[in-house]
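# Overview (structure and organization)
Take a look at the letters that make up each chain.
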Amino acid sequence: MTQNLKGIKIFKWTGVQYDINIIKILQKMNTYHKHYDVIVVGAGHAGCEAALAAARMGCETLIVTINLDTIAKMSCNPAIGGLAKGHLVKEIDALGGEMAKNIDKTGIQFRRLNTKKGPAVRSSRAQADKKAYQDEMKRVLEGQEHLDIKQVLVEELLVESGQCIGIKSQTQTAYHADAVILTTGTFLRGLIHIGDVSYSAGRAGESSAEKLSESFLNLGFEIGRLKTGTPPRVNAHTIDISQMEIQPGDEDPLPFSFSTERITQPQLPCYLTYTNEKTHEVIRENLHRSAMYSGRIVGIGPRYCPSIEDKVTRFAEKTQHQVFVEPEGLDTDEIYLNGISASLPEDVQVDMVHSIKGLENAEIMRFGYAVEYDFAPATQLQPTLETKQVPGLYFAGQLNGTTGYEEAAAQGLMAGINAALKVKGEEPLILDRSQAYIAVLIDDLVTLDIREPYRMFTSRAEYRLALREDNADLRLTEIGRQIGLVNDDTYSRFQKKASFIEAELKRLDKTRLMPNAATIDRLANIVETGELKQPTLLADLLKRPELCYEHIALLEPPAEELPPAVKEQVEIQIKYDGYIQRQQRQIHQFKKLENLRIPDTFNYVNVRGLKTEAREKLEKIRPASIGQASRLPGVSPADISILMVMLHQHSQ
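Now for a look at the structure at hand. (Residues numbered from 1 in each chain as written. Predicted model: local features only at pLDDT ≥ 70, side-chain atom pairs only at ≥ 80, totals over all residues. Heavy atoms only, no water.)

## Looking at the overall build of the protein chain
Each helix and strand in the protein chain was counted, giving 21 helices and 26 strands. Computed over C-alpha atoms, the radius of gyration of the protein chain comes to 28 Å, within 12% of the 26 Å expected from 2.2 N^0.38 for 652 residues, which places it in the range of a compact globule. Expressed along its principal axes, the backbone C-alpha trace of the protein chain runs to roughly 115 × 75 × 50 Å. Counted over contacts in the protein chain with a minimum sequence separation of 6, partners at least 24 positions apart contribute 71%. Treating the 77 positive side-chain charges of the protein chain as one cloud and the 86 negative ones as another, the clouds have centres 4 Å apart. (Helix = DSSP H or I, 4+ residues; strand = E, 2+ residues; numbered from the N terminus. Rg over C-alpha atoms; globule rule 2.2 N^0.38 Å. Contact = heavy atoms within 4.5 Å. Lys, Arg positive; Asp, Glu negative; His and termini not counted. Charge placed at Lys NZ, Arg CZ, Asp CG, Glu CD.)

If you want it as structure tokens, here you go:
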């Protein structure tokens, strides 16, 4: 430090002189002129749904992202849906979200999975044109009333009197709001690994958010590290699809959104090839050079989507693994090699890819990599996704430890809804496990102490026969309408469908088929089935395994032709009626426990007879109901019985 002729203090930094008064001015935080109801940080799949929900519910909303050109970017597989994930997308749509509509506009291959199995586990999946998906979602955000979009790097959360009041940007600008939703994805101290090379990035080619994690820690949040990864992308002109198995989409693609009439854009096939012993040998010989196996990655990776290094090591008895060769869009030659996610060095990735049938001459356009990032265990959240530590602050997406676009979007939608409801002074929306896969997802996150990336499966839902893809609108559209996310056109279409279903169910349950010669002859010509010996309700006839709704419609057609979705719904409800009724009885018992609410102020320390482990878990999670308490690991049925007695006494 020196002095100039006027005696003003000067700091010398790297040969440049700065007047201390100027430094103070530069460091002074500016306040953006507009106060928002809701600010959403991050514009991935969670952020987009959160921002759209809040804005559509009438809240003045701001969404900020590091790069406006990567809104809704599909950094991994450019696909939406899949087993159980398709259920989430349908539910997002039924509540008034955007993901289903967006993939319907930009999908390049649609397939319905598990079609030969029961309706509970059937799921939809679509390969997306990833650039078109991004562009379309950005267009929707830009055109949304009450929504501002800004390119901002957030470095700090602003908290006053324990309440989150906004964010501070890298440029020292404060943006104030009544609620803040963080959807930071893999960008919190993101670290990319390729072989023995590591560098800071949230995604390849994009900077990470290095300082925001400090803000979390300063506010008392627990932070952990997780890891995910991507496979190489190759040039379509350099692969030989003639050596691969073609994987066509459905001939008549089924849309995701209940408001989409049909898919109109061009469709592309995918292809299937396999790794082999040579591939595995290349990987095994270079495991010491893998970022994962050299010990340089500390984050825990997804159990159900392992890297190729993991597959070769953990399933050493397998001589091959599937590699799905999937196009990334209509206007690009990039091909995604689904199934060989890797953190191996680039030269090893080249050898690995070239060892696979049909990829012998493949030119890698983007190398695979692993990325580590910070996450906040979701047991620090209320079921509304608001943090327990700081009111007004919500977490959604991979920040909560999930993996997958669909899981992120579902959380974003619910965080946006609940932030908007809180700002408006209304009761929060908390779905229960009998209502939606979204509820199963959130309940698992806030109840279980999950320390690895969480992925949705149909097996996680106890009431999956009631929570089918086909009835998501019947379960949730009324709720979406009540909170203001389902518009008039969508609601009118839904009401018409529901009335068709109700009328046809009544018709089939009242109309009897008489066992005369003409009817018996007509039935025999339609389908091979047991003889009709007495007057039989059409509904009972439909319950025969060999008959479907179309057979019934040929025998006794409805007054007008019904839409395919109505026919499907009628057939499922009649054929599975006994099972559905049994599940409804189970749901009734479940709701009894869910409706036994536990006050926020309930003191578990004073409850005699509780095991120490149970008391610790109950104090940490502070479940909202006896039902949630019963799902806590370490809390036994005996603990629940004691808790119910004390709760009864507490309420008197």
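The structure having been displayed, the exposition proceeds.
## Notes on the packing of helix H3 (residues 85-95) against helix H10 (residues 405-423)
Closest axis-to-axis distance for the H3/H10 pair is 9 Å, and the angle between their directions is 25°. Put simply, H3 runs roughly parallel to H10. Both H3 and H10 take part in a crossing whose hand is left-handed. On H10, the residues touching Lys85, Leu88, Val89, Ile92 and Leu95 of H3 are Glu406, Glu407, Ala409, Ala410, Leu413 and Met414. For the contact of H3 with H10, a count of residues per class yields eight nonpolar, no polar and three charged. (Axes fitted to C-alpha atoms, helices over the stretch in contact; angles between N-to-C directions. Parallel < 35°, antiparallel > 145°, perpendicular 65-115°, else oblique. Left-handed = near helix turned anticlockwise from the far one by under 90°. Nonpolar A, V, L, I, M, F, W, Y, C, P; charged D, E, K, R; others polar.)

## Some thoughts on the packing of aromatic side chains
The relation between two aromatic rings is expressed through the spacing of the ring centres and the mutual angle of the planes. Throughout the structure, instances matching the rule amount to ten aromatic pairs. Consider the rings of phenylalanine 110 and phenylalanine 256, whose centres lie 6.4 Å apart with planes at 50°: the pair is tilted. Here phenylalanine 110 is found in strand S8 (residues 107-113), whereas its partner phenylalanine 256 is found in the loop between strand S18 (245-247) and strand S19 (270-274), with 146 residues between them in sequence. Per residue, the accessibility class of phenylalanine 110 equals that of phenylalanine 256, and both read buried. Their ring planes at 50° and their centres at 6.4 Å tell us that tyrosine 576 and tyrosine 579 sit as a pair that is tilted. Judged by its relative accessible area of 25%, tyrosine 576 is partly exposed. Put simply, the rings of Tyr32, Tyr36 and Tyr175 pair up and form one aromatic cluster. Here the guanidinium or amino end of lysine 90 rests over the ring plane of phenylalanine 258, the centre of that ring lying 5.0 Å away. Positioned above the aromatic ring of tyrosine 454 is the side chain of arginine 460, whose terminal nitrogen or guanidinium carbon lies 4.2 Å from the ring centre. (Phe/Tyr/Trp six-rings, centres within 6.5 Å; stacked < 30°, edge-to-face > 60°. Buried < 20%, exposed > 50% of the residue type's maximum accessible area, 1.4 Å probe, protein only. Lys NZ or Arg CZ within 6 Å of the ring centre and 35° of its normal.)

## With respect to the pairing of strand S13 (residues 173-182)
The buried count for S13 comes to eight of ten residues, which makes it a mostly enclosed element. Pairing analysis gives two bridges linking strand S4 (residues 30-31) to S13, with the strands arranged parallel. Bridging across to S13, asparagine 30 finds its partner in threonine 173. Looking at chain direction, strand S5 (residues 36-41) and S13 are connected through five bridges and run parallel. Of the residues in S13, the one forming a bridge with valine 40 is isoleucine 181. Where strand S12 (residues 163-169) meets S13, three bridges bridge the pair, whose relative direction is antiparallel. The partner of isoleucine 167 across the bridge, within S13, is tyrosine 175. Counting the residues that bridge the hairpin from S12 to S13 gives three residues, and of these glutamine 172 lies at a positive phi of roughly 65°. One ladder, built from three bridges, connects S13 with strand S24 (residues 393-395); its direction is parallel. Along S24, the bridge assignment pairs leucine 182 with phenylalanine 395. (Pairing = 2+ DSSP bridges.)

## Some thoughts on the sheet that holds S8
Pairing is antiparallel in the open sheet, where three strands are placed in the order S7-S9-S8. Every other strand in the sheet has two partners, leaving strand S7 (79-81) and S8 as the edge strands with one partner each. Strand-to-strand twist of the sheet, defined as the mean angle between neighbouring strand axes without regard to direction, takes the value 15°. Two elements, S8 and strand S9 (residues 123-128), share six bridges in a ladder whose sense is antiparallel. Within S9, the residue paired with glutamine 109 across the bridge is glutamine 127. On the sheet, helix H4 (residues 99-106) packs against S7, S8 and S9 and is oriented at approximately 115° with respect to S8.

## Topic: the environment of alanine 614
Position of alanine 614 among the secondary structure elements: in helix H19 (residues 612-621). Sequence-wise, alanine 614 and aspartate 639 are 25 residues apart; in three dimensions their C-alpha atoms are separated by 7.1 Å. Discounting residues that sit within four places of it in the chain, alanine 614 has contacts with Gly634, Val635 and Asp639.

## Quick look at the environment of leucine 272
For leucine 272, the location among the structural elements is in strand S19. Looking at leucine 272, the relative accessible area reads 5%, which means it is buried. Along the backbone, leucine 272 and glutamine 243 are 29 residues apart, and their C-alpha atoms lie at a distance of 9.2 Å. Excluding anything up to four places from it in sequence, leucine 272 contacts Met244, Glu245, Gln247, Gln322, Val323 and Phe324.

## Notes on the pattern of salt bridges
One side chain can pair with another of opposite charge once the charged atoms of both are near each other. Enumeration according to the criterion identifies 43 salt bridges in this entry. A salt bridge links arginine 622 to glutamate 619, with the nearest nitrogen and oxygen atoms 3.2 Å apart. When its relative accessible area of 29% is taken as the criterion, arginine 622 is described as partly exposed. Overall, glutamate 619 belongs to the partly exposed group, its relative accessible area being 29%. The network of salt bridges with common partners includes Arg433, Asp443, Asp444, Glu462, Glu594 and Arg631. (Salt bridge = Lys/Arg side-chain N within 4 Å of Asp/Glu carboxyl O.)

## What to know about helix H13 (residues 488-510)
Here H13 is 23 residues long and its end C-alpha atoms lie 33 Å apart, about the 33 Å a rise of 1.5 Å per residue gives. Looking only at H13, the buried set comprises Tyr491, Phe494, Lys497, Phe500, Ile501, Glu504, Arg507 and Leu508. Residues of H13 that are buried make contact with helix H12 (472-482), strand S26 (536-537), helix H15 (538-542), helix H16 (549-555) and helix H17 (564-575). Between the side-chain oxygen of the N-cap and the backbone nitrogen of aspartate 489 there are 3.3 Å, and the N-cap of H13 in question is asparagine 487. (Expected span 1.5 Å × (residues − 1). Polar contact = N/O pair within 3.5 Å; in protein donor to acceptor, adjacent residues only side chain to side chain.)

## Examining the sheet that holds strand S14 (residues 191-194)
What links the strands of a sheet is backbone hydrogen bonding, and the strands pair in either a parallel or an antiparallel sense. Judged by pairing direction, the sheet is antiparallel, and its four strands sit side by side in the order S15-S14-S23-S16 without closing on themselves. Whereas interior strands pair on both sides, the edge strands pair on one side only; in this sheet they are strand S15 (197-200) and strand S16 (224-230). The sheet shows a mean angle of 25° between the axes of neighbouring strands, direction not considered. Bridge count for S14 against strand S23 (residues 369-375) is three bridges, and the pairing is antiparallel. Across the sheet, residue isoleucine 192 finds its bridge partner in S23, namely valine 371.

## Observations regarding H10
Compared with an ideal rise of 1.5 Å per residue, which puts 19 residues at 27 Å, H10 spans 27 Å between its outermost C-alpha atoms and is within 8% of the ideal. Burial analysis of H10 places 17 of its 19 residues in the buried class, the great majority of the element. Immediately downstream of H10, the backbone of glycine 425 shows phi near 75°, a positive value.

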